[in-house]
Amino acid sequence: QVQLVESGGGSVQAGGSLRLSCKASGSIFSINHLGWSRQAPGKQREAVATISSTLITNYVDAVKGRFTISRDNAKSTVYLQMNSLKLEDTAVYYCNLQTPRGNTYWGQGTQVTVAS
């Protein structure tokens, strides 16, 4: 059974930084495609960043140049470094893992609140 546990969320002032972590278990971590998504109140969940098993990364335009996704296969952990945070980054952030077979698993989410 694949499990994902996020941590690192919290409250921060606009312009500040946070680093989210997501530790996976129950899967061969290195072969999986990983990502972070977020869901703001009243909005649909949106993909924020992804990283492939070959370290190819993609970002939604709204976070390009501010967020960085990375992975540590030895620790079975994916990270999201968030800099220059804006009010509109406030959301619940979820990590996800997609296996080569196409199965997708989600973490429970961690709240990020950016205050003015």
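Not measured: the values here are computed from a predicted model.

Engineer: Give me the lowdown on the packing of aromatic side chains, citing residues and values where you can.
Structural biologist: All chains considered together, the criterion is met by zero aromatic pairs. Residue placement shows Arg45 over the ring face of Tyr94; its charged tip is 3.7 Å from the ring centre. If you follow Arg45 out to its NZ or CZ, it ends over the ring of Trp106, 4.6 Å from the centre.

Engineer: Please set out the state of the cysteines residue by residue, giving values where relevant.
Structural biologist: Each disulfide consists of one covalent bond between the sulfur atoms belonging to two cysteines. Counting across every chain of the model gives one disulfide. At a sulfur-sulfur separation of 1.9 Å, the disulfide partner of Cys22 is Cys95. One end of the pair, Cys22, is in strand S3 (residues 18-25); the other, Cys95, is in strand S9 (residues 91-98), and 73 residues separate them in sequence. Each member of the pair, Cys22 together with Cys95, is buried.

Engineer: Which residues make up the environment of Leu80, and what values do they have?
Structural biologist: Within the secondary structure, Leu80 sits in strand S8 (residues 77-82). Not counting residues within four places of it along the chain, the set of residues in contact with Leu80 comprises Leu18, Arg19, Leu20, Trp36, Ala49, Phe67, Thr68, Ile69 and Tyr93.

How each quantity is defined
Residue numbers run consecutively from 1 along every chain, following the written order of its sequence. In keeping with the predicted nature of the model, local features appear solely for residues at pLDDT of at least 70, side-chain atom pairs appear and are counted solely at 80 or more, and the whole-chain, interface and lining totals rest on all residues. In computing side-chain properties, one takes all heavy atoms of the structure into account and sets aside hydrogens as well as water. Between the rings of Phe, Tyr and Trp (Trp by its six-membered ring), a pair exists once the centres lie within 6.5 Å; its type follows the angle of the planes, with under 30 degrees stacked, over 60 edge-to-face, and the other angles tilted. Charge over a ring is defined by NZ of Lys or CZ of Arg lying within 6 Å of the ring centre and within 35 degrees of the ring normal. The disulfide criterion is simple: two cysteine sulfur atoms within 2.5 Å. Each helix corresponds to a stretch of at least 4 residues labelled H or I by DSSP, and each strand to a stretch of at least 2 residues labelled E; elements are numbered beginning at the N terminus. Burial classification: accessible surface area is computed with a 1.4 Å probe over protein chains only, and a residue below 20% of its type maximum counts as buried, one above 50% as exposed, and the rest as partly exposed. Note on definitions: a residue-residue contact is assigned when non-hydrogen atoms from the two residues lie within 4.5 Å.

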